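# Architecture and fold: a report
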Amino acid sequence: MQPHDFWQELDAPGTFDPMVERADFYVAELPDGRQLRLPIRVLADREHALASLIVNQASFTVLDALAETLAKRMAAYDIDVVAGLPTLGLTLAAAVARALGHTRYVPLGTSRKFWYREELSVPLSSITTPNQEKRLYIDPRMLPLLEGKRVALIDDVISSGASIVAGLSLLTYCGIEPVVIGAAMLQSERWRDRVDLGGKRWSEKIIGVFSTPILEWSGSGWRRPS
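Residues numbered from 1 in each chain as written. Predicted model: local features only at pLDDT ≥ 70, side-chain atom pairs only at ≥ 80, totals over all residues. Heavy atoms only, no water.

## Quick word on the overall build of the chain
Of the regular secondary structure elements, the chain holds 5 helices and 13 strands. Here the C-alpha atoms of the chain give a radius of gyration of 18 Å, agreeing with the 17 Å that 2.2 N^0.38 yields for 226 residues. On the principal axes, the C-alpha backbone points of the chain span a range of 55 × 35 × 35 Å. Split into buried and exposed, the 226 residues of the chain put 50% on the buried side. Look at the contacts in the chain between residues 6 or more apart in sequence, and 68% of them connect residues 24 or more apart. Total accessible area on the chain is roughly 11000 Å²; 49% of this is exposed by carbon and sulfur atoms. Charge centroids of the chain, computed over 25 positive and 27 negative side chains, lie 5 Å from each other. (Helix = DSSP H or I, 4+ residues; strand = E, 2+ residues; numbered from the N terminus. Rg over C-alpha atoms; globule rule 2.2 N^0.38 Å. Buried < 20%, exposed > 50% of the residue type's maximum accessible area, 1.4 Å probe, protein only. Contact = heavy atoms within 4.5 Å. Areas by Shrake-Rupley, 256 points an atom, 1.4 Å probe, with all protein chains shown as cover. Lys, Arg positive; Asp, Glu negative; His and termini not counted. Charge placed at Lys NZ, Arg CZ, Asp CG, Glu CD.)

Here is the structure:
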């Protein structure tokens, strides 16, 4: 596949054997068996790698499939409002809110508007932009939409846990406790210990469309850890 061809189509169940070692792509499976080929990003040690997903570069067909699947998994939580994390989580959060039948969602942001309050913000970094620490803000005008409601917090990928922890910290400071946390991809297991803050077992509220491991180089391809 060419780099621009990733995330553009779903393959039928059983098209690829997900256990086969490959050097060029990773096969993720949705709950219904449909498959999505993901590019592989090699880590600095050259011996490990991660499967990658960038939802705002995905086709609408793939985005809708991910959003509809996540919305179905969240249906049992009786969500009143969806909140989304910037930047890529906003694309998914909006689509999930539509799939749940909502008319709007609440986007968190990193751009400080002049009416924002600095105390309603926390530091934010992510695995894809580790050297670009920003601040995560909530528009104070959006707080009434979240207060006392059953909130779902959504990001595109949960990997190191840094972004989702920032979102949880900000909402908790505002007196808002999400009933569920969702993502299209849960990337490895590194986030689990990091997200359990202040005695809260946030990791038990996290759901994803699919999970991917840290891959190991075998000499001829990337394999799941043994």
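On we go from here.
## Thoughts on the nonpolar core
Core analysis: the biggest nonpolar cluster contains 42 residues, and Leu-38, Leu-53, Leu-66, Leu-92 and Phe-210 have the highest contact counts within it. Those elements that place two or more of their residues in this core are strand E1 (26-29), strand E2 (35-38), strand E4 (48-51), helix H1 (60-74), helix H2 (88-99), strand E9 (151-158), strand E10 (180-187) and strand E11 (206-212). For this core, the leading source of residues is H1, giving 8 residues. Not counting the four nearest positions on each side in its chain, Leu-92 is found in contact with Leu-63, Leu-66, Ala-67, Leu-70, Ile-154, Asp-155, Asp-156, Ala-183 and Ala-184. (Core = buried A, V, L, I, M, F, W, Y, C linked by side-chain atoms within 4.5 Å.)

## Examining the sheet that holds strand E3 (residues 40-42)
Reading across from one edge, E3-E4-E12-E13 is the order of the 4 strands in this open sheet, with antiparallel pairing throughout. Single-partner strands in this sheet number two, and they are E3 and strand E13 (222-223). Taken together, the 2 bridges between strand E12 (residues 215-217) and E13 define a ladder with antiparallel strand orientation. Its bridge partner being in E13, Trp-217 is matched across the sheet by Trp-222. (Pairing = 2+ DSSP bridges.)

## Describing the packing of aromatic side chains
Summed over all chains, the structure comprises 5 aromatic pairs. Ring centres 5.8 Å apart and planes at 80 degrees place the aromatic pair Trp-115 and Tyr-116 in the edge-to-face group. Given the relative accessible area of 33%, Trp-115 is considered partly exposed. Within the aromatic cluster, the residues linked to one another by ring pairs are Phe-114, Trp-115, Tyr-116 and Tyr-137. The positively charged end of Arg-37 is found above the aromatic ring belonging to Phe-25, 5.8 Å away from the centroid. (Phe/Tyr/Trp six-rings, centres within 6.5 Å; stacked < 30°, edge-to-face > 60°. Lys NZ or Arg CZ within 6 Å of the ring centre and 35° of its normal.)

## Observations concerning the sheet that holds E9
Pairing within the open sheet is parallel, and its 5 strands lie in the order E6-E5-E9-E10-E11. Across the chains shown, the open sheet's two edge strands, defined by having one partner strand only, are strand E6 (106-107) and E11. As judged from the 4 bridges shared by strand E5 (residues 81-84) and E9, these two strands associate in the parallel manner. Among the inter-strand pairings, Val-82 is bridged to a residue of E9, identified as Ala-152.

## Focus: the environment of Arg-190
You can see Arg-190 is positioned in the loop between E10 and helix H5 (191-195). Take Arg-190: its relative accessible area is 37%, and that puts it in the partly exposed class. One polar contact links Arg-190 to Ser-159, side chain to side chain, over a distance of 2.7 Å. (Polar contact = N/O pair within 3.5 Å; in protein donor to acceptor, adjacent residues only side chain to side chain.)

## So, the packing of H1 against H2
In helix packing, the relevant descriptors are the interaxial angle and the interaxial distance, both defined with respect to the helix axes. Taken N-terminus to C-terminus, the directions of H1 and H2 make an angle of 60 degrees; their axes are 8 Å apart at the nearest point. Accordingly, the angle class assigned to the pair H1 and H2 is oblique. When you trace H1 past H2, the crossing you get is right-handed. Listed contacts from H2 to Leu-63, Leu-66, Ala-67, Glu-68, Leu-70, Ala-71 and Met-74 of H1 are Thr-91, Leu-92, Ala-95, Val-96 and Ala-99. (Axes fitted to C-alpha atoms, helices over the stretch in contact; angles between N-to-C directions. Parallel < 35°, antiparallel > 145°, perpendicular 65-115°, else oblique. Left-handed = near helix turned anticlockwise from the far one by under 90°.)

## Concerning helix H4 (residues 162-173)
The end-to-end C-alpha separation of H4 is 17 Å, in line with the 16 Å expected for 12 residues at 1.5 Å each. By the criterion of burial, H4 is predominantly enclosed, with 9 of the 12 residues buried. For H4, the set of buried residues is Ala-162, Ser-163, Ile-164, Val-165, Ala-166, Gly-167, Leu-168, Leu-170 and Leu-171. Those residues of H4 hidden inside the fold are in contact with strand E7 (121-124), strand E8 (134-137), helix H3 (143-146), E9, E10 and H5. Directly beyond the C-terminal end of H4, a positive phi value near 80 degrees is found at Gly-175. (Expected span 1.5 Å × (residues − 1).)

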